[in-house]
Amino acid sequence: MKTTRAFWAMVVVVLLAPSLCAQEPDLQVTGEAAIGANDVNAKDGEAARFYEYREIPDGLEFSLFDIRLKTADYYLRLKAEDAGQSDERYDLAYNRYGKFRLDYRWDRIPHNFSYGAVTPYTEASPGVWTLPDGLQSQLQGILGDNGTNLPQAMDVLSDALANAHGTPLGLERRRQELDVDYSLSAPMTLSLHYQDESKEGYRAIGAPLGFGNVIELPETVDQNTRQGEIKLSYAKKNMSMDFGIAPSEFENSLSRMLWDNPYRLTDQTPPGKLTYLLGNGSGAGQMALAPNNEAARYFFNGSFKVLKTTRIRASLSYTQLTQDADLLPYTVNTGLEEAYAGALSAPRETADLGADIANAAITLHSAITRSLALNAGYTYYDYDDASEALSIPGHAILDQNWVDEPMDIGYLSYTRESYYANLAWTVWNFTTIEGGYKSKSMERERGDDYEGKNTEDILYLAATTAPLDWLSFRGTYSVSDRDWSLENGGNVVYPVRNDALFAFRRYHEAEREREELTLNLTLMPMDNLGFSFIYLTALNDYEQSQYGLESDDHRSFSFDANYTLGKHNFYAFYGEEENEGLQSARQTTFPPHDVISNDPLNDWTAILADDTTTYGGGLDLAFMNDRMHLNLSYSYSKTDGKLLLSSPEGGNPDAAINFTEGLDSTEYTVAKAQLIYKFNDRLKMSIGEWYEEYTLDDIFRSDIEVDMVHEGYAFYLGASDPDYKYLVSFVQLIYSW
Amino acid sequence: MTASTAAEYIGIQECRGCHEDAAASYGASLHGQKGFAKQFDHACETCHGPGGDHAAAGGDAAKILSFSKGLKAAGNEACLQCHDQGAVMYFAGSIHDARSVSCTDCHRIHRPGQGAELLKEANEVALCLTCHHAMRSDLMKASHHPMREGKMTCSDCHNPHGTTTDDLVAADSINDKCYECHAEKRGPFLWDHVPAREDCTHCHNPHGSNHQRLLKARVPYLCQRCHSEPRHPGTLYDASTVNTRAIYNRACLNCHATVHGSNHPSGQTFMR
């Protein structure tokens with residue numbers, strides 16, 4: 001419906017606009033409209049990924065309508081792209097120069113995940129997923145309370161899965177944005193921004209029951225985010241400032257997801273703590289979905305030119321986050337009331353959570369001399385959780401068991417600070433050398449049991465030079481060293497059960513040394529020929545991390561070339577990228593799995609690498625005195641995901657069994673040929689073909705199955721991401737006026 | 001070379017005498033419209049400075065601001081006369097400014113550019129890729145934001161004119177930027193996942209990834225970079241475990257579905 005309204009509103013405005021402007025003597029009306037048709041051929045069947053964020057209609061396509069009305073005082077622009085499609089977009093822009101500006105956008109963004117998903121569940125009401133009672137009671141009868149007759153139960157469930165029905169997996173965002181700037185006087189502008197975005201549809205979510213019963217379900221998504229901003233800006237020759245407020249509200253029409261346990265119809269008190277057998281426990285599971293929340297940001301920005309070449313800028317903001325959604329009960333399993341009388345109640349009525357964010361920044365930029373500039377600054381960001389403390393007597397695991405573990409929930413607060421200074425020195429008018437220092441810190445606090453601080457020193461050097469018209473070079477090198485206050489004590493070792501023996505560090509806070517180098521060379525040996533080379537490397541060494549992420553390195557090289565010969569253009573690009581991470585861990589003692597081993601023989605190491613190669617090129621040839629253009633383009637990208645596992649002999653297991661194929665590999669190819677013929681200055685035709693191919697070779701996700709009941713009591717949506725090959729033929733008429 | 005401060009303004013008609021094409025394109029540009037003229041009434045000389053000496057010297061290029069090679073800083077200053085505010089407030093001293101990227105490297109002033117921003121390239125992504133072409137491979141990866149489909153652009157997240165944050169993120173923090181479109185992750189939650197609360201990029205690469213949901217590495221190994229608790233988190237998942245729930249399909253996320261944070265009283269391990 002919104003599509004129709006937006007489209008017809010656009011039509012009305014377009015029809016009215018010329019008559020409204022008819023009295024304008026200097027009115028210029030220009031525009032462009034494109035209508036065409038596609039013939040879409042899926043060589044290997046339809047694939048949602050091809051349509052992931054777009055619609056390619058097989059048939060008529062009204063791809064563009066763009067009209068611009070312009071006088072010396074104002075312009076009005078109306079633009080419609082892909083009208084009537086699931087990726088349609090409409091823009092309205094009105095600008096009375098220097099006085100008033102209005103931009104309105106209405107955009108629809110599809111996000112298709114899979115066309116192949118199936119489930120035996122039915123959505124009885126939004127967010128409530130049910131199975132036939134008969135199936136549940138049949139399986140409960142077979143399994144009893146002790147998980148007996150398991151093979152027979154699995155066969156019954158497999159039969160049900162064989163008859164599962166298709167279910168859509170995809171989201172759609174509908175976003176409208178309005179921006180208005182009104183200049184109250186020459187130096188003062190009032191700005192308004194409003195955005196309303198809905199997100200609807202289904203996406204896959206894991207919905208487990210028990211410790212072995214993974215169920216994948218469609219999560220119903222019906223969310224809306226509204227955000228606005230009102231800002232007053234004041235600008236004079238040597239200063240400018242603005243201040244305002246930006247509220248935001250997120251609303252989820254579903255607070256929870258509820259789903260049936262396939263193995264059980266009625267609730268039951270499980271036979272023992274932390275035990276689970278198929279058929280035990282709850283008749284259903286319940287999960288909390290994203291809660292409604294609000295934010296309000298108050299801000300001030302100011303820039304002051306205190307001297308002719310010296311600016312001081314400051315930004316201050318304060319943001320309040322609040323989340324007060326109704327809390328769900330600990331469990332929906334009535335059988336757990338025996339273990340804790342309040343299990344079917346929420347610990348308190350509403351979440352009563354919040355955080356205050358204070359942000360401040362001040363920077364100085366000064367051209368001390370014509371060739372020497374100083375930059376310095378300080379930033380502060382404080383996330384202070386202001387939630388009402390909550391103590392809980394315990395919790396329910398997966399709606400199956402009650403665990404008596406009283407706990408005061410510890411909320412995270414943190415403070416980031418940084419200050420920096422650098423000098424940029426320009427020599428010979430074409431070379432700038434910049435050197436500087438930056439200090440960063442991050443201080444965390446969570447509940448009463450954790451407090452730690454990272455500090456990082458960064459030194460950097462950059463050079464930019466363009467000694468010749470055809471040559472320019474940029475290079476940057478930085479080295480940084482991050483420390484952690486808890487490195488030599490305190491809560492550094494994780495988990496704490498084996499703290500003397502197991503030095504496991506989390507990489508977002510572990511000590512780290514980092515080196516980064518960027519080299520960028522641009523050559524233009526002729527006016528019509530250009531080359532650009534970029535080399536990047538970023539090496540992260542977590543030198544104190546005996547376990548966890550130990551190193552994480554990135555290297556890339558890319559090359560671009562452009563050549564123009566008369567009205568003909570040619571381009572090519574090539575890139576290689578390597579990402580490699582080394583990580584280690586130690587396994588649990590086998591059995592009983594509840595203690596991390598002390599034995600180094602139980603160590604294991606993984607090297608994960610993603611190697612990407614990207615290349616392509618194209619040309620635009622102009623013929624017949626620019627009347628005809630031939631465009632050809634090709635691009636290819638392949639990423640090989642690799643994994644090399646190792647573990648010493650004698651441990652448990654005593655050796656890692658590596659995969660015989662790569663972990664995950666994707667390839668993406670696009671080739672396009674297009675011929676454009678101009679009949680006259682107003683009318684042209686485009687005709688061509690375009691080929692797109694995608695392949696996924698993933699040892700866990702290629703050809704994903706629905707029925708895994710016999711290998712782990714789990715079943716999935718079978719939301720496959722299949723390879724595809726599409727050939728699209730198209731013709732388009734483009735009229736300009 | 002700078003123009004003499006003592007020079008007089010001569011007006012666009014005088015400029016047109018020698019620079020007919022430039023004056024015409026200026027007249028057709030956004031800056032040349034009547035509304036702007038009310039605020040900046042020196043037309044060409046608003047940016048190039050008074051042209052009196054230049055004209056008197058028969059067009060001596062040394063007597064007017066021409067913004068040619070070596071005068072990028074002067075060119076930027078000319079733009080900042082009016083644009084030193086709002087989103088452009090932090091340009092002077094920004095990383096682009098410091099690396100000699102000038103206004104005119106990205107924007108056309110005389111000849112018509114693309115859109116209201118007068119961009120030099122057909123669109124913003126193409127413009128940014130002229131220097132940041134290493135990003136092209138990220139945009140072409142299987143998991144990506146809808147940039148190559150034209151539904152997002154670089155400046156939805158970055159402010160190329162300068163910010164107070166690292167990487168020119170156009171918000172107070174990376175997470176504050178992500179929450180603009182992913183407000184469902186904003187919470188705060190009863191159970192926050194600490195690294196997610198701190199910085200989304202601990203786990204995600206927003207420019208593109210070979211792994212689902214823009215993850216930096218494959219799950220479960222990504223999770224195991226931080227989690228080695230007893231039972232399954234420390235388990236070695238190798239070729240002998242392909243068909244187990246901890247590695248198949250969504251791996252850890254098969255069960256730990258609310259990994260960004262849970263609002264369920266029993267959600268401390270993000271399974272509810």
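Residues numbered from 1 in each chain as written. Chains lettered and ligands numbered in written order. Predicted model: local features only at pLDDT ≥ 70, side-chain atom pairs only at ≥ 80, totals over all residues. Heavy atoms only, no water.

Student: Hey, could you go over unusual backbone geometry for me, with residue numbers and the actual values?
Tutor: All names here are of chain B. In this structure, Pro188 follows Gly187 across a cis peptide bond, with omega equal to 0°. Relative to the helices and strands, Pro188 is located in the loop between helix 11 (174-181) and strand 1 (191-192). For the peptide bond that leads from Val219 to Pro220, omega is 15°, which places it in the cis range. Within the secondary structure, Pro220 is located in the loop between helix 12 (194-198) and helix 13 (221-224). A positive phi angle is found at Asn249, which is not glycine, with a value near 55°. With respect to the helices and strands, Asn249 occurs in the loop between helix 13 and strand 2 (261-262). Judged by its relative accessible area of 8%, Asn249 is buried. (Helix = DSSP H or I, 4+ residues; strand = E, 2+ residues; numbered from the N terminus. Buried < 20%, exposed > 50% of the residue type's maximum accessible area, 1.4 Å probe, protein only.)

Student: Describe the pattern of salt bridges, with residues and values.
Tutor: All names here are of chain A. Scanning the entire structure with this criterion turns up 47 salt bridges over all chains. Among the salt bridges present, the one from Asp179 reaches Arg105, with a minimum N-O distance of 2.7 Å. Pair noted here: Asp179 is in strand 10 (residues 169-185) and Arg105 is in strand 5 (residues 100-114), with a separation of 74 residues, a long-range link. (Salt bridge = Lys/Arg side-chain N within 4 Å of Asp/Glu carboxyl O.)

Student: An account of the sheet that holds strand 15 (residues 284-288) of chain A is requested, with residue identities and associated values reported.
Tutor: Residue and element names in this part refer to chain A. The strand order across the open sheet built from 4 strands is 7-8-14-15, with neighbouring strands paired in mixed fashion. Single-partner strands in this sheet number two, and they are strand 7 (122-125) and strand 15. Averaged over all pairs of adjacent strands, the angle between their axes in this sheet comes to 25°, without regard to strand direction. Where strand 14 (residues 256-260) and strand 15 come together, 5 bridges link them in antiparallel fashion. By the bridge assignment, Leu258 is partnered in strand 15 with Gln286. (Pairing = 2+ DSSP bridges. Axes fitted to C-alpha atoms, helices over the stretch in contact; angles between N-to-C directions.)

Student: Got a sec to walk through the side chain of Ser114 of chain A? Specific residues and values, please.
Tutor: Residue and element names in this part refer to chain A. By the element assignment, Ser114 lies in strand 5. In this structure the side chain of Ser114 is engaged in a polar contact, spanning 3.1 Å, whose partner is the backbone nitrogen of Gly116. Once residues lying within four places of it in the same chain are set aside, the contact partners of Ser114 are Ala48, Leu169, Ala719 and Ser720. (Polar contact = N/O pair within 3.5 Å; in protein donor to acceptor, adjacent residues only side chain to side chain. Contact = heavy atoms within 4.5 Å.)

Student: Would you mind going over the confidence of the model for chain A in detail, with residue names and values included?
Tutor: Confidence in the prediction for chain A averages 91 pLDDT; 94% of positions are at 70 or higher. Low pLDDT, under 50, characterises residues 493-497 of chain A; the predicted model gives this stretch 18 contacts beyond four residues in sequence or across chains. (pLDDT = per-residue confidence, 0-100.)

Student: Which residues make up the packing of aromatic side chains, and what are the values?
Tutor: What the rule picks out here adds up to 32 aromatic pairs over all chains. A centroid spacing of 4.9 Å and a plane angle of 85° characterise the contact between Phe50 of chain A and Tyr51 of chain A, whose relative ring orientation is edge-to-face. Each member of the pair, Phe50 of chain A as well as Tyr51 of chain A, carries the same accessibility label: buried. The ring of Phe50 of chain A is capped by Arg54 of chain A, whose NZ or CZ atom sits 4.6 Å from the centre of that ring. Over the face of the ring belonging to Phe573 of chain A we find Arg136 of chain B, whose NZ or CZ atom lies 4.2 Å from the ring centre. (Phe/Tyr/Trp six-rings, centres within 6.5 Å; stacked < 30°, edge-to-face > 60°. Lys NZ or Arg CZ within 6 Å of the ring centre and 35° of its normal.)

Student: So what's going on with the interface of chain B and chain A? Which residues, and what values?
Tutor: With 110 residues of chain B in contact, the opposing surface of chain A contributes 184 residues. Each partner contributes to the roughly 11,800 Å² buried at the junction of chain B and chain A, and carbon and sulfur atoms together form 53% of this total. Counting the surface chain B buries against chain A, the share from its top three residues, Lys151, Arg225 and Arg272 of chain B, is 7%. Where chain B packs against chain A, one counts 63 residue pairs in polar contact (both at pLDDT 80 or more). Of all elements in the fold, only helix 3 (34-39), helix 6 (72-83), helix 7 (95-98), helix 10 (135-139), helix 11, strand 1, helix 12 and helix 13 of chain B reach the threshold of two or more residues within the side of chain B that touches chain A. By residue class, the composition of the side of chain B that touches chain A is 42 nonpolar, 37 polar and 31 charged. (Buried area = accessible area lost by both parts, 1.4 Å probe. Nonpolar A, V, L, I, M, F, W, Y, C, P; charged D, E, K, R; others polar.)

Student: Before we move on, can you summarise the domain arrangement of chain B with the specific residues and values?
Tutor: Segmentation of chain B into domains returns domain 1 (12-106) and domain 2 (184-262). The C-alpha centroid of domain 2 of chain B is placed 52 Å from the C-alpha centroid of domain 1 of chain B. (Domains from an automatic or database assignment.)

Student: Which residues make up the pairing of strand 31 (residues 547-565) of chain A, and what are the values?
Tutor: All names here are of chain A. Bridge analysis of strand 28 (residues 504-505) against strand 31 gives 2 bridges, and the strand direction is parallel. Among the inter-strand pairings, Phe504 is bridged to a residue of strand 31, identified as Tyr547. One ladder, built from 13 bridges, connects strand 30 (residues 529-541) with strand 31; its direction is antiparallel. Within strand 31, the residue paired with Ser532 across the bridge is Asp560. In this structure, the hairpin formed by strand 30 and strand 31 is closed by a connection of 5 residues. As paired strands, strand 31 and strand 32 (residues 568-586) are joined by 17 bridges and run antiparallel to one another. By the bridge assignment, Gly548 is partnered in strand 32 with Ser584. The hairpin turn running from strand 31 into strand 32, its antiparallel successor, is 2 residues long, and Gly566 in that turn takes a positive phi close to 60°.

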